[in-house]
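The residues making up each chain are set out below.
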Amino acid sequence: MAQNIKTIKYFHRKFVQEEQTAPEDVKEAFATFAEGGDTMSAGQLREFVDKVQCQPQYTVEECERIMETFLRSRRDESDNDENNKKKKKGGDGDGNDNGGCCFTLEEFFQFLYFDEFNAPLSPEV
C-alpha cells in the first residue's frame, strides 16, 4: 500500500507500507500447536494458552468463544471495508462468510498482538 506525502511545496514522496508477517517464533508455535496443519482449533489454542501463556484455567469452550468473537470482529471490519469499496463501485455489499472456528497463521498472529482479546490477564509477574 503506497502513501503519497507532499513535502515542501512541489515535491511528492511516496512511502510504501509493507504487510506485517508473523515472526519465526510465532510460526514455530503455530506449527507445533496446530500439529503441522494449516489451521488451529479451539482445543489446540487451549493447549497453547495452557503451556505457553501459563493460563490453565481456560476450557476448550471458552477458547472457542474467544476465537469466534475475534473472528467475528475481523469479519465485521473487513465487511465494512468491502461494503465501502462496493458502494463506491456500485456493488450490493454481500460477502461470503466462511464461518468455522479455526485460526490460520495470520489470524493467530493478529490474535496474539491484539490487546482486546489477548491482553495480559494477570497483573502478577
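Each chain has its residues counted from 1, running along the sequence as written. In keeping with the model being predicted, local features are shown solely for residues with a pLDDT of at least 70 and side-chain atom pairs are shown and tallied solely at 80 or more, while totals for entire chains, interfaces and linings include all residues. Working from all heavy atoms in the structure, the side-chain values ignore hydrogens and water.

1. Remarks on the state of the cysteines
The disulfide criterion is simple: two cysteine sulfur atoms within 2.5 Å. One pass over the structure, following the stated rule, counts zero disulfides. Not part of a disulfide, cysteine 63 finds its nearest cysteine sulfur in cysteine 101, a span of 9.3 Å. Buried means the residue's accessible area, taken with a 1.4 Å probe over protein chains only, is under 20% of the maximum for its type, while exposed means over 50%, and partly exposed covers the values in between. Residue classification places cysteine 63 among the buried positions, given a relative accessible area of 1%.

2. A closer look at the nonpolar core
Of all hydrophobic cores here, the largest spans 23 residues; its most connected members are Met40, Leu45, Phe48, Phe103, Phe108 and Phe111. In terms of residue count, helix α3 (residues 60–89) provides more of this core than any other element does, five residues in total. Between two residues, a contact is recorded if the distance between any of their heavy atoms is within 4.5 Å. Every residue in contact with methionine 40, bar those within four places of it in the chain, is listed here: Phe30, Phe33, Ala34, Leu45, Met67, Cys101, Cys102, Phe103 and Phe108. Here, the term nonpolar core denotes a set of buried Ala, Val, Leu, Ile, Met, Phe, Trp, Tyr and Cys residues that are joined through side-chain atoms within 4.5 Å. In this text, helices come from DSSP runs of H or I with a minimum length of four residues, and strands from runs of E with a minimum of two, each type numbered from the N-terminal end.

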